[in-house]
Amino acid sequence: MKQFGIMLLSLGMIFSAQAETWKFASEEDKTDVQDIYAQKFAEVIKKESDGDIRVRIYYYGQLGTENDIVELAAKGTIQFVSVGSGHLGSYVPEVQAVSLPYVLGTDEAVTHKVLTGSPTIYENLAAKFENVNLKLLSMMSEGEMVWGANKAIRTPEDFADQKIRTFTSTIPVETYKTFGATPTPLSWGEVYGSLQLKTIDGMVNPIYFIYNAKWHEVQDYLMFPGQQPYVSTVSTNSKWFSELASEKQAMVRKAIKEADKAAYDYQLRINQENLNKIMAERPNMQVVKLNEEERERFKQLSKNLHETYFDVVANAYPAEEQAAARKEAKAILESLIQEVKVAASQQ
């Protein structure tokens, strides 16, 4: 029996030595949408590999900022990374097409269909990720982007003198300049204290995240402008993925597909649940839904950002490549807008 036990222990040590660990870093925390995505991804990988592959999930701050974890994935220090598209602009300028206001819309079914199946995204745009050694695996909506403030904001004039926390990419910054605000890029861990100290006046994020981060405690108004969803991305190190055995690549694709559905179902539920919690905790919170006339003013202003997007993309390339880069960026945006229209017509 003793020898049998030693043999089992030896086999266990051999198994452990052969087991793989894949690292998956998220910009969010436990119970946030990206966590649900990562947890489902890890569950499927474990099941499909019969436990031979484990996925270790890292949360906000454990490996650095949003930009840090993108860099770690590009270098191959970690295998998978999940961040909002707004944090990828300095790596893949073309990705900011999905950050433009009033392009994707806020119909969740339409957005989900486009973000998970768009030829524009997974052919034209994904090719740009390869330039920085990233492979785009998926995009997802985490819910409508909601403005928070301490006064009602219904017009561009209402944004005057308002310091609004934005992401670090150019398009989010230029969006709120165009809307009349003073954009202030911050990592999300700095936002609560900044709102509390009134060094910023407002922020923009999906409802579920506003509640989880407790930002509703330091804001009096929530505005639904119908502007855009929060789009997050899941990427892997391109070189690492290309060297995976075909059966492991198949596991990754299956896990991505199941995680897409799990995260989509979760965000629909959690955004509504967390809005209910906000209203229960802050019954005096004012919730404002912009009407069509009010939205139209912001939509018209947003069209100016299309040229900004083309400029941002072109300026990221050497002078001799700028004209071609601009043309490609225009094609990506126009194709994406058309795909959204088609998806909406099919609902």
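Only a predicted model underlies this, so the values are computations on that prediction, with no experimental measurement involved.

1. Focus on the pattern of salt bridges
The final tally for this structure, using the stated rule, is 14 salt bridges. The salt bridge partner of Glu-48 is Lys-254, with a shortest N-O separation of 3.0 Å. Residue Glu-48 is located in helix α2 (residues 33-48), and its partner Lys-254 is located in helix α10 (residues 246-281); the two are separated by 206 residues in the primary sequence. Overall, the relative accessible area of 32% leaves Glu-48 in the partly exposed class. Residue class for Lys-254 comes out partly exposed when judged on its relative accessible area of 38%. One salt bridge in this structure joins Lys-239 and Glu-243, with 2.8 Å as the shortest N-O distance. Judged by relative accessible area, Glu-243 falls into the exposed class, the value being 56%. Here the residues in one salt-bridge network are Glu-307, Asp-311 and Arg-326, joined through shared partners.

2. Details of the sheet that holds strand β11 (residues 286-289)
Taken in spatial order, the 4 strands make up an open sheet running β8-β5-β9-β11, and their pairing is mixed. The sheet terminates laterally at β8 (203-205) and β11, the two strands that pair on one side only. Ignoring strand direction, the axes of neighbouring strands in this sheet form an average angle of 25 degrees. Pairing analysis gives 3 bridges linking strand β5 (residues 146-149) to β8, with the strands arranged antiparallel. When the sheet's bridge partners are listed, Gly-148 is paired in β8 with Met-203.

3. Some remarks on the sheet that holds strand β10 (residues 229-237)
What the 5 strands build is an open sheet, ordered β2-β1-β3-β10-β4; its pairing is mixed. Edge positions in the open sheet fall to β2 (53-58) and β4 (134-144), since each of these has one partner strand only. The mean inter-strand angle of the sheet, taken between neighbouring strand axes irrespective of direction, is 20 degrees. Alignment of strand β3 (residues 80-84) against β10, held across 5 bridges, turns out to be antiparallel. Counterpart to Phe-80 in the pairing with β10 is Thr-236. Strands β1 (20-26), β2, β3, β4 and β10 of the sheet are contacted by α2, whose axis makes an angle of about 165 degrees with β2. Taken strand by strand, helix α3 (residues 66-75) contacts β1, β3, β4 and β10, and its axis lies near 145 degrees from that of β3.

Each value, and the rule that gives it
- Residues numbered from 1 in each chain as written.
- Predicted model: local features only at pLDDT ≥ 70, side-chain atom pairs only at ≥ 80, totals over all residues.
- Heavy atoms only, no water.
- Salt bridge = Lys/Arg side-chain N within 4 Å of Asp/Glu carboxyl O.
- Helix = DSSP H or I, 4+ residues; strand = E, 2+ residues; numbered from the N terminus.
- Buried < 20%, exposed > 50% of the residue type's maximum accessible area, 1.4 Å probe, protein only.
- Pairing = 2+ DSSP bridges.
- Axes fitted to C-alpha atoms, helices over the stretch in contact; angles between N-to-C directions.
- Contact = heavy atoms within 4.5 Å.

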